[in-house]
Amino acid sequence: MALPPDQTDPTAPSSGRGQRARAAVGQAIGAFAPFAVLTALLVTLGLAHGSFLSLDNLGMLAGESSVILLFATAQTLVILLGGIDLSMAALAALASVLIALVLPAAGLSGVLGVLALTGLIGAFQGFVHARGQIPSVVVTLAGLGIWSGLALSIGHTTIPVDAGHPALAWLDGTSLGVPHAFAFAAAALIGLGLCMHWLPFGRHVRAIGANPRAALMSGIFVDRVKILAFALSGLFSGLAGMAMVARTSSGNPAIADSLLLPSIAAVLIGGTAMTGGTGGLARTLIGVLTVTVLRVGIAAVGIDPAYEPITYGVLVVVAASLTANRAGRGWRG
């Protein structure tokens, strides 16, 4: 029975307020949960091993997280668009091989040339994805095979480099207990985060991730934004390869094989939705630290390392399902 014009349903306002309150609580829990998980892990491992939270060990954890942080920073950008980049580890391995080969003769200019190449490769993958209307998971899965095969055909095996080469020596050291590699990766994340915050690019990425058709209708050049995002992903893959060469004093076709899944897990654990449009780089930093603590903690407590990828696989499924529920959209790939 319809209410008279001067009356309203008394349950409607309270219902609307209740839904808004539940949504606000859910968002607060989602924002706080990654930090709570990281804190719980640190406290648990600190109680189990008294030296785990020592300054030396925390510095080691920061150093361990540097490469994953570079991967996860760029992966966050791509996932915010509603896509994914499965080629990052293979491209980083190719970069490590190329850097190891050109470093003795070309030095820093050779390193910069390799970084430019990986950026162009990323842009090419973004172009194929955007203009060809091919899901990013397909394009970058093909890239994974192509770049890993190319790295293997060029490098074959480990290629040593001079440990103290000036072009890379600045990455292999510490200042005030902070590893230079971690400081560099954190600076890259902060720099990209500031660009995302202050420039239209960040708003465009989130708009495309939320609804690409609406973003296109609003005047956003969707293809250009996607190509730029994948170019940055390629560049960060090259930076990760450079950091690994500095750390190991070598290039290797398999140098980053075990880092792709942890980097994706870090993004999702940080709360970035696999469906796109929701999340951010600050959350990714927490996710990276959580994954790194897990990596080191599994070894510290004597658990079989074979369980490490199993753990990441479970975390990816759980985190992806939770973020997809919050976003309320299907993943586009």
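Details of the structure are given in the entry above.
Residues numbered from 1 in each chain as written. Predicted model: local features only at pLDDT ≥ 70, side-chain atom pairs only at ≥ 80, totals over all residues. Heavy atoms only, no water.

(A) Region of the structure containing the overall build of the protein. Across its full length, the protein holds 13 helices and four strands. Considering the protein as a whole, with its 333 residues, one finds that 48% of them fall into the buried category. Put simply, of all contacts in the protein between residues at least 6 apart along the chain, 78% involve residues at least 24 apart. Element-wise, carbon and sulfur atoms account for 70% of the exposed surface of the protein, whose accessible area totals about 15,600 Å². (Helix = DSSP H or I, 4+ residues; strand = E, 2+ residues; numbered from the N terminus. Buried < 20%, exposed > 50% of the residue type's maximum accessible area, 1.4 Å probe, protein only. Contact = heavy atoms within 4.5 Å. Areas by Shrake-Rupley, 256 points an atom, 1.4 Å probe, with all protein chains shown as cover.)

(B) Just a nonpolar patch on the surface, in detail. Together, V301, I303, Y307, I310, V314, V318 and L322 make up an exposed nonpolar region whose accessible area comes to about 630 Å². When you line up the elements, Y307 lands in helix α13 (residues 307-327). (Patch = residues over 30% accessible without salt bridge, like charges linked within 9 Å, V, L, I, M, F, W, Y side chains within 5 Å. Salt bridge = Lys/Arg side-chain N within 4 Å of Asp/Glu carboxyl O.)

(C) Spatial organisation of the pattern of salt bridges. Scanning the model with the defined rule gives two salt bridges in all. Linking R247 and E64 is a salt bridge whose minimum nitrogen-to-oxygen distance equals 2.6 Å. Note that R247 is positioned in helix α10 (residues 222-248) and E64 in helix α2 (residues 55-80), a separation of 183 residues in sequence. Judged by its relative accessible area of 45%, R247 is partly exposed. A salt bridge links R131 to D223; the nearest nitrogen and oxygen atoms lie 3.1 Å apart. A residue pair is termed long-range when its members are at least 10 positions apart, and R131 in helix α4 (residues 108-131) and D223 in helix α10 qualify at 92 residues.

(D) Local environment of empty space enclosed by the protein. Applying the stated criterion across every chain, the model contains one cavity of 30 Å³ or more. When its volume is computed, the largest cavity comes out at roughly 40 Å³. Along its surface, the largest cavity is lined by L103, V161, D162, A163, H165, L168, V245, A246 and S249. Broken down by class, the residue content of the lining of the largest cavity amounts to six nonpolar, two polar and one charged. (1 Å grid on protein atoms, 1.4 Å probe; cavity = no way out; pocket = protein on both sides within 12 Å on 5 of 7 lines; lining within 4 Å. Points joined across faces, edges and corners; volume = space filled by probe spheres on them. Nonpolar A, V, L, I, M, F, W, Y, C, P; charged D, E, K, R; others polar.)

(E) Quick look at the packing of α2 against α10. Where α2 contacts α10, the two axes come as close as 8 Å, and the packing angle between them is 170 degrees. Put simply, α2 runs roughly antiparallel to α10. Taken together, the residues of α10 that come into contact with α2 (itself represented by G63, E64, V67, L70, F71, T73, A74, L77 and V78) are A229, F230, L232, S233, F236, S237, L239, A240, A243, M244 and R247. For the contact of α2 with α10, the class distribution of residues is 14 nonpolar, four polar and two charged. (Axes fitted to C-alpha atoms, helices over the stretch in contact; angles between N-to-C directions. Parallel < 35°, antiparallel > 145°, perpendicular 65-115°, else oblique.)

(F) Main features of the packing of helix α3 (residues 88-106) against α4. Where α3 meets α4, the axes come as close as 8 Å, and the angle between the chain directions of the two elements is 155 degrees. As far as their axial angle goes, α4 and α3 are roughly antiparallel. For the crossing formed where α3 meets α4, the hand is right-handed. Together, L91, L94, A95, L98, I99, V102, L103 and A106 of α3 and L108, S109, G110, V111, V114, L117, T118 and I121 of α4 make up the contact between the two elements. (Left-handed = near helix turned anticlockwise from the far one by under 90°.)

(G) Region of interest: the side chain of S250. Mapping S250 onto the fold places it in strand β4 (residues 250-251). Given the relative accessible area of 10%, S250 is considered buried. Residues within four places of S250 in sequence aside, it is in contact with T158, I159, P160, V161, M244, V245 and I255.

(H) Main features of the packing of aromatic side chains. Tallied over the full model, the rule gives one aromatic pair. Note on W170 and F184: the rings are 5.4 Å apart at their centroids and 80 degrees apart in plane angle, and the pair reads as edge-to-face. Here W170, found in the loop between α6 (166-169) and β2 (174-175), pairs with F184, found in helix α7 (residues 180-198); they are 14 residues apart in sequence, far enough to count as distant. Owing to a relative accessible area of 40%, W170 belongs among the partly exposed residues under this scheme. Between the NZ or CZ atom of R224 and the centre of the ring of F221, over which it lies, the distance is 4.3 Å. (Phe/Tyr/Trp six-rings, centres within 6.5 Å; stacked < 30°, edge-to-face > 60°. Lys NZ or Arg CZ within 6 Å of the ring centre and 35° of its normal.)

(I) Examining unusual backbone geometry more closely. Unusually for a residue other than glycine, Q133 sits at a positive phi of about 55 degrees. Locating Q133 in the fold gives a position in the loop between α4 and α5 (136-155). Non-glycine residue S249 carries a positive phi angle of around 55 degrees. With respect to the helices and strands, S249 occurs in the loop between α10 and β4.

(J) How the structure looks around the side chain of S65. Mapping S65 onto the fold places it in helix α2. In this structure S65 comes out as buried when scored by relative accessible area, which is 0%. Looking at S65, its side chain comes within polar contact range of the main-chain oxygen of A62, at 2.8 Å. Non-local contacts of S65, meaning those with residues more than four positions away in its chain, are made with F182, V288, L289 and T292. (Polar contact = N/O pair within 3.5 Å; in protein donor to acceptor, adjacent residues only side chain to side chain.)

(K) Quick look at α5. Across its 20 residues, α5 extends 27 Å between first and last C-alpha, which sits within 8% of the 28 Å expected from 1.5 Å per residue. Every buried residue of α5 is accounted for by S136, V139, T140, G143, W147, A151 and G155. On an axial view of α5, the arc spanned by its buried residues comes to 95 degrees, and they lie on one face. Buried residues along α5 sit against α3, α4, β1 (159-160) and α10. H156, located one to two residues past α5, shows a positive phi value of around 60 degrees. (Expected span 1.5 Å × (residues − 1). Arc of directions from axis to C-beta.)

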